[in-house]
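# Topology and contacts: notes
Now for the letters of each chain:
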Amino acid sequence: MDISSRLTEIVGGDRVSDNQEELFFYSRDPGAQPPGRVDYVVMPRTVEEVRQVVLLANREKIPVTPWGGGFTLSALVVPDRGGIVLDMKQMDRILEIDEINRYALIEPGVSQGALRSYLRKHHPRLQHSTPEAPPTVTVVGNALIQGHGHISPRYGINSDMVNGMEVVLPTGKVCQIGSGSMGASWFTRGPLPDLPGLFIGWFGTTGIVTKLSLKLFPKPAFREVLAFYTDDVDLIPEGIFEVTQLDLLEDFFLISQEKPDWMNHVFFIIIISGHFEEEIGFKKKAFKDLFREFKGGGKFIFVEDLHPALEKRFLDVPPLAALAADFRKGGGFEYTGAILPIDRVPEAWRKGIEISHKYGMICSYVHQVLLGHSVMFGFNYSFNRADEEDVEKTRKALEESNRVTLDLGGMIWKGEVEAQRMTLERMDPNTVELIRGVKELLDPNGIMNPGKWEMP
Ligand SMILES: Cc1cc2nc3c(=O)[nH]c(=O)nc-3n(C[C@H](O)[C@H](O)[C@H](O)COP(=O)(O)OP(=O)(O)OC[C@H]3O[C@@H](n4cnc5c(N)ncnc54)[C@H](O)[C@@H]3O)c2cc1C
């Protein structure tokens, strides 16, 4: 029996395809990376179906690539060696919301939009950390790539919010991790050997997550946005330090764009929230005072008359901060997500402008400040998808900003294959060896998303 028929036996004919038109869709993502080859796409609905597909793939040594929303822009879901794309979207149940212990147990196909709407309707006192990505992306995909959301500056990155998970290992074993593994509720990740790290940050190369418990947080009644700007990029590190030192914010990002002219400043956007109106007044005054008497010298200006449309964009959950306009016409958008030490931001800022100008692009930035310990510094590029030359320029710009990131002592977040190669090249060889050993132990036949985190 051929592979297609065997896959059909597992999930039924309507959830398997080797039809070229459908495979075309799974052979690329919306970023600037080249397409790959896909042989089959399968949409499982149960853990047992996932397990059966993996057992078959492991026996036949067929690559398997898990696909959530497919929106990292760095082609992490695009297979490099063909094989099966396992589209998880039909495993989309919210299995449990434990309001008192503040967690959600979800399947891997639950989208950010679905979880947000569900909480709003049934548990209005709680929220989860929502990334600024399209609402169709998955909560699990985001946690697994160490993403960040609108409350990350206050509570940490989204992978830190994982209490535990259920995983189908490449050999077909189903494993539970966290307090769920003890038959207890899914309320905590430890104290135990910290196994979620075997699957977080691995880009689907070590197993398939079929359930995930995610921390939920109190949802405040009142929120307000404050905007300050300066033209001195050297004030950024001290500005970030002072703002986060106050410990009074919910979200905090920096934006700038060369066009239109009014955006060509360094904007500090601070979202404050609280359960009482008085709290908002107090926090607002604290930030205004901070910038009026800014200790770092230099000048920050409070934006008194933030346009209501902008105010709404920033206060939306998620905020629509990525104002990066479609300068090239054609809808392409890419970025190097540089996780940088705060003191390196001014240098990265200048280098980013150089790179954009070298490739004829208009410089645009959105950086989220993560807990006051690092910055997700976005070197953003808009490009025309229909223009191959423009796409090629974007790839080159990305390569340069990836290199700058590493040269500045930063880390590339969710980088494409080339960025992964650069990262491994600079890594301590013993650490590379450790990663290789873990990978071989979990995936002896190398079937999971081969090509990603490929060892040198
Ligand atoms: C305009 C825009 C703004 C964005 N802003 C943000 C932002 O503010 N914060 C942020 O964090 N991200 C942001 N992103 C990036 C990205 O869209 C999100 O992080 C998104 O949540 C990733 O989820 P996904 O479902 O698309 O993941 P996918 O691309 O489907 O998957 C990511 C990786 O995880 C693997 N994977 C997926 N599901 C599983 C599973 N069940 N088991 C094992 N492995 C799996 C995949 O193989 C892949 O390697 C943005 C993207 C865009 C386009």
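From a predicted model like this one, the values you see are computed outputs, not experimental measurements. (Residues numbered from 1 in each chain as written. Predicted model: local features only at pLDDT ≥ 70, side-chain atom pairs only at ≥ 80, totals over all residues. Heavy atoms only, no water.)

## Remarks on the packing of aromatic side chains
Within the structure shown, the criterion is met by 20 aromatic pairs. Between the aromatic rings of phenylalanine 252 and phenylalanine 268, the centroid separation amounts to 5.6 Å while the plane-to-plane angle is 50 degrees, which identifies the pairing as tilted. Linking phenylalanine 252 in strand β13 (residues 251-257) with phenylalanine 268 in strand β14 (residues 266-274), this pair joins segments that are 16 residues apart in sequence. Overall, the relative accessible area of 0% leaves phenylalanine 268 in the buried class. Aromatic pair phenylalanine 377 and phenylalanine 379: ring centres 4.8 Å apart, planes at 55 degrees, arrangement tilted. A relative accessible area of 2% places phenylalanine 379 in the buried class. Aromatic ring contacts, followed pair by pair, group Phe228, Phe252, Phe268, Phe291, Phe294, Phe300 and Phe302 into a single cluster. Its end group placed over the ring of tyrosine 335, lysine 414 keeps NZ or CZ at 4.0 Å from the ring centre. Taking NZ or CZ as reference, lysine 414 lies 4.7 Å from the ring centre of tryptophan 413, over its face. (Phe/Tyr/Trp six-rings, centres within 6.5 Å; stacked < 30°, edge-to-face > 60°. Helix = DSSP H or I, 4+ residues; strand = E, 2+ residues; numbered from the N terminus. Buried < 20%, exposed > 50% of the residue type's maximum accessible area, 1.4 Å probe, protein only. Lys NZ or Arg CZ within 6 Å of the ring centre and 35° of its normal.)

## What about the pairing of strand β9 (residues 174-177)?
Sheet topology note: the strand β8 (residues 162-168)/β9 ladder contains four bridges and is antiparallel. Bridge assignment links valine 168 to a residue of β9, and that residue is valine 174. Where β8 hands over to β9, the hairpin turn is made up of five residues, of which glycine 172 adopts a positive phi near 95 degrees. (Pairing = 2+ DSSP bridges.)

## Describing the environment of phenylalanine 300
With respect to the helices, strands and loops of the structure, phenylalanine 300 is situated in the loop between α8 (277-292) and β15 (301-302). In this structure phenylalanine 300 comes out as buried when scored by relative accessible area, which is 8%. On a C-alpha basis, the gap between phenylalanine 300 and leucine 290 in space is 9.7 Å, while along the polypeptide they are 10 residues apart. Phenylalanine 300 has contacts with Phe228, Tyr229, Thr230, Leu235, Gly239, Phe268, Phe291 and Phe294, leaving out every residue within four places of it along the chain. (Contact = heavy atoms within 4.5 Å.)

## Considering the sheet that holds strand β3 (residues 64-67)
Spatially, β1-β2-β4-β3 is the arrangement adopted by the four strands of the open sheet, whose pairing is mixed. Two strands in the sheet have a free side with no partner beyond their single neighbour: β1 (16-17) and β3. Bridge count between β3 and strand β4 (residues 84-87): four bridges; the pairing is parallel. When the sheet's bridge partners are listed, proline 66 is paired in β4 with leucine 86. Lying over the sheet, helix α3 (residues 47-60) contacts β2 (40-42), β3 and β4, oriented at roughly 170 degrees with respect to β4. (Axes fitted to C-alpha atoms, helices over the stretch in contact; angles between N-to-C directions.)

## Overview of the site of the ligand
Lining the immediate environment of the ligand, one finds 34 residues, of which Pro66, Gly68, Gly69, Phe71 and Thr138 sit closest. Surface burial for the ligand is 94%, taken as the share of its 970 Å² of free accessible area covered by protein chains. Elements with a contribution of two residues or more to the shell around the ligand: β3, α5 (139-144), β10 (208-215) and β16 (331-340). Looking at the shell around the ligand, the element that brings in the most residues is α5, giving four residues. Residues of the shell around the ligand, tallied by class, amount to 20 nonpolar, 12 polar and two charged. (Near = heavy atom within 4 Å. Areas by Shrake-Rupley, 256 points an atom, 1.4 Å probe, with all protein chains shown as cover. Nonpolar A, V, L, I, M, F, W, Y, C, P; charged D, E, K, R; others polar.)

## What to know about the domain arrangement of the protein chain
Assigned domains of the protein chain: these are domain 1 (3-88), domain 2 (90-218), domain 3 (222-315) and domain 4 (331-415). For domain 1 and domain 3, the distance between their C-alpha centroids amounts to 44 Å. (Domains from an automatic or database assignment.)

## Re the sheet that holds β8
In space, the five strands of this open sheet follow the order β5-β6-β10-β8-β9, with antiparallel pairing throughout. Edge strands, defined here as strands with exactly one partner in the open sheet, are β5 (94-98) and β9. In this sheet, neighbouring strand axes are inclined to one another by 10 degrees on average, regardless of whether the strands run parallel or antiparallel. Across four bridges, strand β6 (residues 103-106) lies against β10 in antiparallel orientation. What sits directly across from leucine 105, in β10, is serine 213.

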